[in-house]
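Reading the structure
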Amino acid sequence: MIRFVIILPLIVVTWLLLVKAISDLKKANIDWTGVATFVGFIVLAFWLRHITGMG
């Protein structure tokens, strides 16, 4: 029961923050090309680390 009391508020707060972040992203004027490039570099770094075992 104590786990339920601790986990439920965490889930609710996380959900509210997610909804707020999504609404803020919809209103913002974001350069999605830059965001995609940034995410691409991160994915490439993890992939190269997986393939080579270095890093």
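The notes below deal with the structure included here. (Residues numbered from 1 in each chain as written. Predicted model: local features only at pLDDT ≥ 70, side-chain atom pairs only at ≥ 80, totals over all residues. Heavy atoms only, no water.)

**Things to note about the overall build of the chain**
Along its length, the chain carries two helices and zero strands. Taken over the C-alpha trace, the chain has a radius of gyration of 18 Å; the compact-globule value for 55 residues is 10 Å, which it surpasses by more than 25%. Counting only C-alpha atoms, the chain reaches 45 × 35 × 10 Å along its principal axes. A buried classification covers 0% of the 55 residues belonging to the chain. When the accessible area of the chain is evaluated, it comes to approximately 5400 Å², of which 77% is carbon and sulfur surface. (Helix = DSSP H or I, 4+ residues; strand = E, 2+ residues; numbered from the N terminus. Rg over C-alpha atoms; globule rule 2.2 N^0.38 Å. Buried < 20%, exposed > 50% of the residue type's maximum accessible area, 1.4 Å probe, protein only. Areas by Shrake-Rupley, 256 points an atom, 1.4 Å probe, with all protein chains shown as cover.)

**Quick word on the environment of M1**
Secondary-structure assignment places M1 in the segment before α1 (2-27). For M1 and G40, which are 39 residues apart along the polypeptide, the C-alpha to C-alpha distance reads 43 Å.

**A closer look at helix α2 (residues 32-52)**
Under the 1.5 Å per step criterion, the end-to-end length of α2 is 30 Å for 21 residues, consistent within 8% with the ideal 30 Å. Where α2 terminates, the next one or two residues include G53, which has phi positive at roughly 80°. (Expected span 1.5 Å × (residues − 1).)

**Here's the deal with the pattern of salt bridges**
On inspection of all chains with the given rule, the structure shows one salt bridge. A salt bridge links D24 to K20, with the nearest nitrogen and oxygen atoms 3.2 Å apart. Placement of both D24 and K20 in helix α1 is noted, with a separation of four residues, approximately one turn of the helix. Relative accessible area serves as the criterion here: at 35%, D24 is assigned to the partly exposed category. Residue K20 is classed as partly exposed on the basis of its relative accessible area, which comes to 48%. (Salt bridge = Lys/Arg side-chain N within 4 Å of Asp/Glu carboxyl O.)

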